[in-house]
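# Commentary on secondary and tertiary structure
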Amino acid sequence: MVVITGVNKHFGDLHVLKDIDLTIGKGEVVVVLGPSGSGKSTLCRTINRLEPFETGSITIDGKELPNEGKPLAQLRADVGMVFQSFNLFAHKTILDNITLGPMKVRKLSKADADKQAKDLLERVGVTAQANKYPAQLSGGQQQRVAIARALAMKPKVMLFDEPTSALDPEMVNEVLEVMTELAQSGMTMVVITHEMGFARRAANRVVFMADGQIVEVATPDEFFTAPKSHRAQDFLGKILPH
Amino acid sequence: MGDLFSQYNVLGAFGITIVLTVLSAIGALVIGTFVAIMRVSPVAFLNKLGALYVNLVRNTPLTLIIVFCNIGFIVNLGMSVSNDFARNNLVWSVIGLATYHAAFVCEALRSGVNTVPTGQAEAARAIGLTFGQSLREVLLPQAFRGAITPLGNTLIALTKNTTVATAIGVAEIAGLMKTMQEDRADLMIPIFLIVAFGFVLLTLPVGLLTTKLSTKLAVKR
Ligand SMILES: Nc1ncnc2c1ncn2[C@@H]1O[C@H](COP(=O)(O)OP(=O)(O)O)[C@@H](O)[C@H]1O
Ligand SMILES: [Mg+2]
């Protein structure tokens, strides 16, 4: 579904992505782990070309994303993205946040888009807030709306960049539950998260990154119980409860 | 003093001031929005062009721009828009005023765009909106709301700056004031006060309205 081959990227002198190769199958859920600054977000953002890269290729469903302009916008719609800071459109109601993409990009009628949005809001459990503005919702609710907004485009793959790290602890689970349900429904997902519970429950594979490289790829069980690389052992030693 | 109003067309001159203000404001808003879009666009060339416009126009005295519109375009290049002399000057004044204040509108809008977190622009791109759609649907609506106060200030400045059109003989209120004061030196101070009061009457509501609107339409974050 997503095939990343030989991707390199620099920020000035900094080599953030070094020869990244990764293939993600249809319906697969991949959790990306690694220390801060290792390039996880950058990798995620290159997949839908929010960041350009210098060499290598990334294809989605066999199609390479074009570099600029309208064709890129069209293909980007096939890749849903959920950000750490939700990024809901502050001047639009929850319902309008979700219907904007379907109406403008997929050319759905207002009635169809509204109906779809209401179904999605029900799925993520925020039906009652449809006519409120983002600032009136809790962080957990906003993130669930952000997931619904991405799903409204009927994406082929969903990217999550630390979707729960900006949330108060008591709201983390409500978002993870929605994501777990999504994983079980067969969605192809790339998830950057340090939530071990989610990784064990939902992930098919764990990808461990350090210094712009993929250091280790394993099943969650293998990775958390017996990491092979020193970097991964070191990293897990720091984040796992003792 | 009452004979001032019967002897001179004070209201008519204020009328011209209002016409100048309204037409120039519309022009400045259109040009300024356009230049602001250039300045936030991802195309480096348009960026530079927009910045050049703002820096060039904003740092040139308005009188120079207005006089240039008159001498440069009408006298030298013969670019008359109308056979009517007065009308010609009025139109070129509007063009000069709009051009000048567009630079300030652009900067006001750019400050408004900067109130929108970059994440929202990214989210807009991520759901597949084109640059134009992101601008229309996400950036500009919030930018205008965030820019209401500086836009109001620009409109107030524009209202007062219409007096510069006198320089090329537009019959607005500052020109009439000069004539009246030459004729009636005994009423120097009252004439000043009448004109000053007229401007306060024009600009005060703008200030009040923008303060009210900016709180009412503020985007909650
Ligand atoms: N826009 C940018 N400009 C310059 N450097 C950046 C930019 N974004 C990220 N970086 C740098 O690239 C490296 C990788 O960042 P990132 O992909 O965000 O890592 P992670 O998500 O794993 O914490 C970091 O050193 C970061 O400082
Ligand atoms: Mg990151």
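## Structural notes on the site of ligand 1
Residues and elements named next belong to chain A.
- Residues in close proximity to ligand 1 include F11, L14, V16, P35, S36, G37, S38, G39, K40, S41 and T42, which together make up its full environment.
- Between T42 and ligand 1, the recorded distance is 2.5 Å, taken from a side-chain N or O atom to an oxygen atom.
- For ligand 1, the accessible surface in isolation is 560 Å², of which the surrounding protein chains cover 58%.
- Looking at the shell around ligand 1, the elements with two or more residues in it are β2 (14-24) and α1 (40-47).
- When residues in the shell around ligand 1 are grouped by element, the largest group, 3 residues, is from α1.

## Some details on the interface of chain A and chain B
- The partner chain B presents 20 residues to the 24 residues of chain A that form the contact.
- Here chain A and chain B share an interface that buries about 1,900 Å² over both sides, 63% of which is from carbon and sulfur atoms.
- It is F89, A90 and H91 of chain A in chain A that bury the most area against chain B; as a group they hold 28% of the surface buried on that side.
- At the junction of chain A and chain B, the tally comes to 3 salt bridges.
- The partner of E137 of chain B in a salt bridge is K92 of chain A, with the nearest N and O atoms 3.4 Å apart.
- Here chain A and chain B share 8 residue pairs in polar contact (both at pLDDT 80 or more) between them.

## Observations concerning the sheet that holds strand β10 (residues 213-218) of chain A
Residues and elements named next belong to chain A.
- Taken together, 6 strands build an open sheet; the order of strands is β6-β7-β8-β3-β9-β10 and the sheet is mixed. The open sheet has two edge strands with one neighbour each: β6 (79-82) and β10. Averaged over all pairs of adjacent strands, the angle between strand axes in this sheet comes to 20 degrees, irrespective of strand direction.
- As paired elements, strand β9 (residues 205-210) and β10 share 5 bridges and run antiparallel to each other. Paired with A210 across the two strands is Q213, which belongs to β10.
- Of the strands in this sheet, β3 (29-33), β9 and β10 touch helix α9 (residues 230-239), which is tilted by about 100 degrees from β9.

## Digging into the sheet that holds strand β1 (residues 2-11) of chain A
Residue and element names in this part refer to chain A.
- Taken in spatial order, the 4 strands of this open sheet run β2-β1-β4-β5, and their pairing is antiparallel. Looking along the sheet, the strands with just one partner apiece sit at the ends: β2 and β5 (63-64).
- The pairing of strand β4 (residues 55-60) with β5 spans 2 bridges and is antiparallel. Paired with T59 across the two strands is E64, which belongs to β5.
- Across the sheet, α1 touches β1, β2 and β4, and the angle it forms with β1 is around 120 degrees.

## Focus: helix α3 (residues 94-104) of chain A
- α3 of chain A sits mainly inside the fold: 8 of its 11 residues count as buried.
- Buried residues belonging to α3 of chain A abut α4 (110-124) and α5 (139-151) of chain A together with α7 (131-146) of chain B.

## Examining the packing of aromatic side chains
Residues and elements named next belong to chain A.
- The full count for this structure, using the stated rule, is 5 aromatic pairs over all chains.
- A ring pair is formed by F208 and F223, whose centres lie 5.8 Å apart and whose planes are at 35 degrees; its orientation type is tilted. Separated by 15 residues along the polypeptide, F208 in strand β9 and F223 in helix α8 (residues 220-225) bring together distant segments of the chain. Across this residue pair, the class does not change: F208 and F223 are buried.
- Ring centres 5.4 Å apart and planes at 50 degrees place the aromatic pair F208 and F235 in the tilted group.

## A few points about empty space enclosed by the protein
- Throughout the structure, instances matching the rule amount to 2 cavities of 30 Å³ or more.
- If you add up the space inside the largest cavity, you get close to 60 Å³.
- Contributing elements (two or more residues each) for the lining of the largest cavity: β6 and α5 of chain A together with α6 (118-126) of chain B.
- The biggest single contributor to the lining of the largest cavity is β6 of chain A, with 3 residues.
- Tallied by class, residues from the lining of the largest cavity come to 9 nonpolar, 1 polar and 2 charged.
- Counted as a void, the second largest cavity has a volume near 30 Å³.
- What lines the second largest cavity is I60, K63, L65, L75, D78, V79 and K156 of chain A.

## Re the nonpolar core
- Of all hydrophobic cores here, the largest spans 51 residues; its most connected members are L33, I147, M158, F160, M179, M189 and F223 of chain A.
- Sequence-distant contacts of M189 of chain A, defined by excluding residues within four places in its chain, comprise E28, V29, V30, M158, F160, M179, L182, A183 and F198 of chain A.
- Within the second largest apolar cluster, 40 residues are counted, among which are V2 and I60 of chain A together with A126 and L129 of chain B.

## Topic: the pattern of salt bridges
- According to the stated counting rule, one finds 20 salt bridges over all chains in the structure shown.
- When the shortest N-O distance is used, the salt bridge between D78 of chain A and K156 of chain A registers 3.5 Å. Within this pair, whereas D78 of chain A is found in the loop between α2 (69-76) and β6, its partner K156 of chain A is found in the loop between α5 and β7 (157-161), the two being separated by 78 residues in sequence.
- With a relative accessible area of 12%, D78 of chain A lands in the buried category.
- Judged by relative accessible area, K156 of chain A falls into the partly exposed class, the value being 26%.
- Between R123 of chain A and E181 of chain A there is a salt bridge, with its nearest N and O atoms 3.6 Å apart. Linking R123 of chain A in helix α4 with E181 of chain A in helix α6 (residues 169-184), this pair joins segments that are 58 residues apart in sequence.
- Residue classification places R123 of chain A among the partly exposed positions, given a relative accessible area of 38%.
- One connected set of salt bridges, linked through shared partners, spans K9, R45 and E51 of chain A together with E122 of chain B.

Conventions we followed
Residues numbered from 1 in each chain as written. Chains lettered and ligands numbered in written order. Predicted model: local features only at pLDDT ≥ 70, side-chain atom pairs only at ≥ 80, totals over all residues. Heavy atoms only, no water. Near = heavy atom within 4 Å. Polar contact = N/O pair within 3.5 Å; in protein donor to acceptor, adjacent residues only side chain to side chain. Areas by Shrake-Rupley, 256 points an atom, 1.4 Å probe, with all protein chains shown as cover. Helix = DSSP H or I, 4+ residues; strand = E, 2+ residues; numbered from the N terminus. Contact = heavy atoms within 4.5 Å. Buried area = accessible area lost by both parts, 1.4 Å probe. Salt bridge = Lys/Arg side-chain N within 4 Å of Asp/Glu carboxyl O. Pairing = 2+ DSSP bridges. Axes fitted to C-alpha atoms, helices over the stretch in contact; angles between N-to-C directions. Buried < 20%, exposed > 50% of the residue type's maximum accessible area, 1.4 Å probe, protein only. Phe/Tyr/Trp six-rings, centres within 6.5 Å; stacked < 30°, edge-to-face > 60°. 1 Å grid on protein atoms, 1.4 Å probe; cavity = no way out; pocket = protein on both sides within 12 Å on 5 of 7 lines; lining within 4 Å. Points joined across faces, edges and corners; volume = space filled by probe spheres on them. Nonpolar A, V, L, I, M, F, W, Y, C, P; charged D, E, K, R; others polar. Core = buried A, V, L, I, M, F, W, Y, C linked by side-chain atoms within 4.5 Å.

Just distances and angles here, no functional claims.
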